[in-house]
Amino acid sequence: MELIQETPDLSAYLAVDEVIDHQHPLVRETAARLAKDADDSYVYARLAFEFVRDTIPHSQDSGDPRVTWRASDVLEQGTGICYAKAHALAALLRAEDIPTALCYQKFDVVHGLVAVRFNGAWHRQDPRGNKPGVDARFSLRGERLAFEPDPGSGELDYPVLYAAPHPAVLHALRAAPDRPHLWRTLPPAL
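Keep in mind it's a predicted model, so treat the numbers as computed, not measured.

All right, on to the overall build of the protein then. In terms of helices and strands, the protein carries seven helices and six strands. Along the protein, helices (α) and strands (β) appear in the sequence β-α-α-α-α-α-β-β-β-β-β-α-α when read from the amino end. The C-alpha atoms of the protein give a radius of gyration of 15 Å, which matches the 16 Å a tight globule of 190 residues would have. Considering only C-alpha atoms, the protein reaches an extent of 40 × 35 × 35 Å along its principal axes. Sequence-distant contacts, at least 24 apart, represent 60% of the contacts inside the protein between residues at least 6 apart. Carbon together with sulfur atoms contributes 49% to the accessible area of the protein, which is approximately 8700 Å² in total. Across the protein, the mean location of the 20 positive side-chain charges is 3 Å away from that of the 27 negative side-chain charges.

Pasting the structure below:
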């Protein structure tokens, strides 16, 4: 699948905003801590991915009712669904000047992940969190995502790379008082 940048301006994928708030002190502190163990940007990206995937539980898996959507809140509260975890990873990567996009897949509902830019190409990564049957890995040599769509069932990969969260995703997150409510209002498609 050919990934398509929503905007041709690569600097948009380094931008800070209300959601990808990589200038927040907690994001900066976390990025600096991870960067101490990285020899280069590739190693840093892998460490940031593993940090979000492994240390921030997916709230559905852990039973946490809180809904987070801002990257710094995900890091502070230590919880989030796929979208929120993607926002946190995007912020950590952008904090170290690694262009990062938000991207999506369609299953029963829309699933969120990121794409990182290395060596002139985009590479999708899924920090959702592993569990039995899910084994996502950081890779620039072939995708190792949490889920693979089944086109025969109407599932698909959306090719667009967004610089900011899709409005339908952000609306669902902001409007939800808790995760059970969010689960009932997740966007079925983009």
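Under the defined criterion, the tally for this structure stands at 12 salt bridges. For Arg 124, the salt bridge identified is with Glu 143, shortest N-O distance 2.7 Å. Residue Arg 124 is found in strand E4 (residues 121-125), and its partner Glu 143 is found in the loop between E4 and strand E5 (156-157); the two are separated by 19 residues along the sequence. By relative accessible area, which is 2% here, Arg 124 ends up buried. Given the relative accessible area of 44%, Glu 143 is considered partly exposed.

Where helix H2 (residues 41-55) contacts helix H5 (residues 82-95), the two axes come as close as 10 Å, and the packing angle between them is 155°. The angle between H2 and H5 falls in the class roughly antiparallel. As H2 packs across H5, the resulting crossing turns out to be right-handed. Residue-level inspection shows Tyr 44, Ala 45, Ala 48, Phe 49, Phe 51, Val 52 and Arg 53 of H2 in contact with H5, the latter providing Lys 85, Ala 88, Leu 89, Leu 92 and Leu 93. In terms of residue class, the contact of H2 with H5 is built from 10 nonpolar, no polar and two charged.

On to the packing of aromatic side chains. Taken as a whole and assessed by the stated rule, the structure comprises seven aromatic pairs. Consider the rings of Tyr 13 and Trp 122, whose centres lie 5.2 Å apart with planes at 65°: the pair is edge-to-face. Here the residue Tyr 13 occupies a position in the loop between strand E1 (4-5) and helix H1 (25-35), and Trp 122 occupies one in strand E4, the gap between them amounting to 109 residues. Given a relative accessible area of 0%, Tyr 13 falls into the buried group. Trp 122 sits in the buried class, given a relative accessible area of 13%. Residues Tyr 42 and Phe 118 carry aromatic rings whose centres are separated by 6.2 Å and whose planes lie at 75° to one another, so their mutual orientation is edge-to-face.

What counts and what doesn't
- Residues numbered from 1 in each chain as written.
- Predicted model: local features only at pLDDT ≥ 70, side-chain atom pairs only at ≥ 80, totals over all residues.
- Heavy atoms only, no water.
- Helix = DSSP H or I, 4+ residues; strand = E, 2+ residues; numbered from the N terminus.
- Rg over C-alpha atoms; globule rule 2.2 N^0.38 Å.
- Contact = heavy atoms within 4.5 Å.
- Areas by Shrake-Rupley, 256 points an atom, 1.4 Å probe, with all protein chains shown as cover.
- Lys, Arg positive; Asp, Glu negative; His and termini not counted.
- Charge placed at Lys NZ, Arg CZ, Asp CG, Glu CD.
- Salt bridge = Lys/Arg side-chain N within 4 Å of Asp/Glu carboxyl O.
- Buried < 20%, exposed > 50% of the residue type's maximum accessible area, 1.4 Å probe, protein only.
- Axes fitted to C-alpha atoms, helices over the stretch in contact; angles between N-to-C directions.
- Parallel < 35°, antiparallel > 145°, perpendicular 65-115°, else oblique.
- Left-handed = near helix turned anticlockwise from the far one by under 90°.
- Nonpolar A, V, L, I, M, F, W, Y, C, P; charged D, E, K, R; others polar.
- Phe/Tyr/Trp six-rings, centres within 6.5 Å; stacked < 30°, edge-to-face > 60°.

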